[in-house]
Amino acid sequence: MLPDLSHLTIAVVGATGAVGAEFLKIVEQRHPQLHGLKLLASSRSAGTKLTVNGKEFTVEETTEDSFQDVDIAFVSASTEASRHWAPIAVAAGAVVIDDSSAFRMQEDVPLVVPEVNGADVMWHQGIIAIPNCSTTPLVMVAHPIHKVNPVKRIVADTYQSVSGAGGAAVRELREQSQALLEGKTVTPQQQPKQIGFNVIPQIDSFLDNGYTREEQKMIDESRKIMHAPDIRVSATCVRVPVMVSHSAGVHLELERAMEASEIRALLADMPGLTVLDNPGQGDYPLPWDVAGEDDVFVGRIRRDASDLNGIALWIVSDNLRKGAALNSIQIAEELVARECLKPAGSQLPVA
């Protein structure tokens, strides 16, 4: 049974965005009695009418007074917006669940995937961060294996949908695809290169080490969530012409060899994971099939032919749900279940 959130007031900053809309949809599915909502956005979206759990709400512009009497504030906007609004919300008495990269790597901010490190919510100082949408499915799969056979190295190649870049990127893919089918040329707007009928081996800007910021996030965040700073991690993040759902081909080097059957059994017992692994019958996760699903799906589980202690597998998850909105609601549920809405200490994080 899910913890009862109906007594709470939850503010949603970015309520009209792709993740905000998914958040409200999941509220209806998991918490139909929750009516204490404040829907917030920029001045451009203020005045929009949205119906949640049978009640009509008017989206308000986010201001410094927006967080009075709010218990939990979910922030899904830009990193700059999170840096501005999160401390204001905390000062007003709210717990902030933040979907940006603003606070993820601060030592005093928990970075949480509830099925992996839910207990970390207990030491929050007012802000809890959500991992990047490509990190979450990776640690969901690595965690149950790591508990019984330490993971020494992770190599992840991701195939990330355009919805990870927002609603405008989704529209761009749709428009480019139509234009290209009609023989027209296109000019990229939201992506660094043409995304229609193409793949782009760049998500976010490049760092001095040759990795992109998206790839570095996966490296740093995975270690923090799993409490495993010594795991060696490498990632290549690729944008693909898919609307929703991120995929990843992952290789795990373990401390000792394990059979694929042992790995399947461990993953099948992990909450929030679905094993779909019968490739001979064409059963493996696909982005189209997984869109709209809560679970992280894993298949193509096999011994790594290049490493005696290695396992190779294929992961797919809905980046708007478990990659963002669902994870945040599960964090709220974790806070209520553990009775730790109030900060563990008085020092507030500063981005």
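Now for a quick tour of the structure. (Residues numbered from 1 in each chain as written. Predicted model: local features only at pLDDT ≥ 70, side-chain atom pairs only at ≥ 80, totals over all residues. Heavy atoms only, no water.)

### Quick notes on the nonpolar core
Here's step 1: In terms of nonpolar packing, the biggest core is built from 57 residues, with Ile154, Val250, Leu267 and Leu313 touching the most fellow members.
Here's step 2: With 6 residues, helix α4 (residues 135–148) is the largest single contributor of residues to this core.
Here's step 3: Look past the residues within four positions of Leu313 in its chain and what remains in contact with it is Val141, Ala248, Gly249, Val250, Leu267, Val298, Gly299, Arg300, Ile301 and Arg302.
Here's step 4: Listed in part, the 35 residues of the second largest apolar core include Ile97, Ala324, Ile329 and Ala332. (Core = buried A, V, L, I, M, F, W, Y, C linked by side-chain atoms within 4.5 Å. Buried < 20%, exposed > 50% of the residue type's maximum accessible area, 1.4 Å probe, protein only. Helix = DSSP H or I, 4+ residues; strand = E, 2+ residues; numbered from the N terminus. Contact = heavy atoms within 4.5 Å.)

### Side note on the sheet that holds strand β8 (residues 127–129)
Here's step 1: As summarised here, the arrangement of the 6 strands in space is β5-β2-β1-β6-β7-β8, forming an open sheet in which the pairing is parallel. The open sheet terminates on both sides in strands that have one partner only, identified here as β5 (60–61) and β8.
Here's step 2: One ladder, built from 4 bridges, connects strand β1 (residues 10–13) with strand β2 (residues 37–41); its direction is parallel. From the neighbouring strand, Ala11 faces β2, where its bridge partner is Lys38.
Here's step 3: Seen against the sheet, helix α1 (residues 18–30) touches β1, β2 and β6 (72–75) and runs at an angle of roughly 150° to β1.
Here's step 4: In the packing of helix α9 (residues 321–337) onto the sheet, the strands contacted are β6, β7 (95–98) and β8, and the crossing angle to β7 comes to about 150°. (Pairing = 2+ DSSP bridges. Axes fitted to C-alpha atoms, helices over the stretch in contact; angles between N-to-C directions.)

### Quick look at the packing of α1 against α9
Here's step 1: Where α1 meets α9, the closest approach of the two axes is 9 Å, and the angle between their N-to-C directions is 50°. One finds that α1 runs oblique with respect to α9. Here α1 and α9 pass one another in a crossing that is right-handed. Here Val19, Glu22, Phe23, Lys25, Ile26, Val27, Gln29 and Arg30 of α1 lie close against α9, whose contacting residues are Arg321, Ala324, Ala325, Leu326, Ser328, Ile329, Gln330 and Glu333. (Parallel < 35°, antiparallel > 145°, perpendicular 65-115°, else oblique. Left-handed = near helix turned anticlockwise from the far one by under 90°.)

### Points about the pattern of salt bridges
Here's step 1: Counted by the stated rule, this structure contains 13 salt bridges.
Here's step 2: For Asp204, the salt bridge goes to Lys217, with nearest N and O atoms at 3.8 Å. Here Asp204 is found in the loop between α5 (167–181) and α6 (213–225), whereas its partner Lys217 is found in helix α6, with 13 residues between them in sequence.
Here's step 3: What you see here is one network of salt bridges that share partners, running through Glu22, Lys25, Asp294 and Arg321. (Salt bridge = Lys/Arg side-chain N within 4 Å of Asp/Glu carboxyl O.)

### Some remarks on the packing of α4 against helix α7 (residues 260–268)
Here's step 1: Taken N-terminus to C-terminus, the directions of α4 and α7 make an angle of 115°; their axes are 9 Å apart at the nearest point. Overall, the two elements α4 and α7 adopt an arrangement that is roughly perpendicular. When you trace α4 past α7, the crossing you get is right-handed. The residues of α7 that touch α4, namely those facing Val141, Pro144, Ile145 and Val148, are Ile263, Leu266 and Leu267.
Here's step 2: Class assignment of the residues belonging to the contact of α4 with α7 gives a composition of 7 nonpolar, no polar and no charged. (Nonpolar A, V, L, I, M, F, W, Y, C, P; charged D, E, K, R; others polar.)

### With respect to the packing of aromatic side chains
Here's step 1: Across all of its chains, the model carries 3 aromatic pairs by this definition.
Here's step 2: Arranged with centres 6.3 Å apart and planes meeting at 50°, the rings of Phe67 and Trp85 form a pair that is tilted. One end of the pair, Phe67, is in the loop between β5 and β6; the other, Trp85, is in helix α2 (residues 79–91), and 18 residues separate them in sequence. Pair check on accessibility: Phe67 and Trp85 agree, each one buried.
Here's step 3: A ring pair is formed by Tyr159 and Trp314, whose centres lie 5.6 Å apart and whose planes are at 50°; its orientation type is tilted. Of the two residues, Tyr159 sits in strand β9 (residues 151–160) while Trp314 sits in strand β14 (residues 310–317), which places them 155 residues apart along the sequence.
Here's step 4: With a relative accessible area of 22%, Trp314 lands in the partly exposed category. (Phe/Tyr/Trp six-rings, centres within 6.5 Å; stacked < 30°, edge-to-face > 60°.)

Read these as layout, nothing more, since geometry by itself doesn't imply function.
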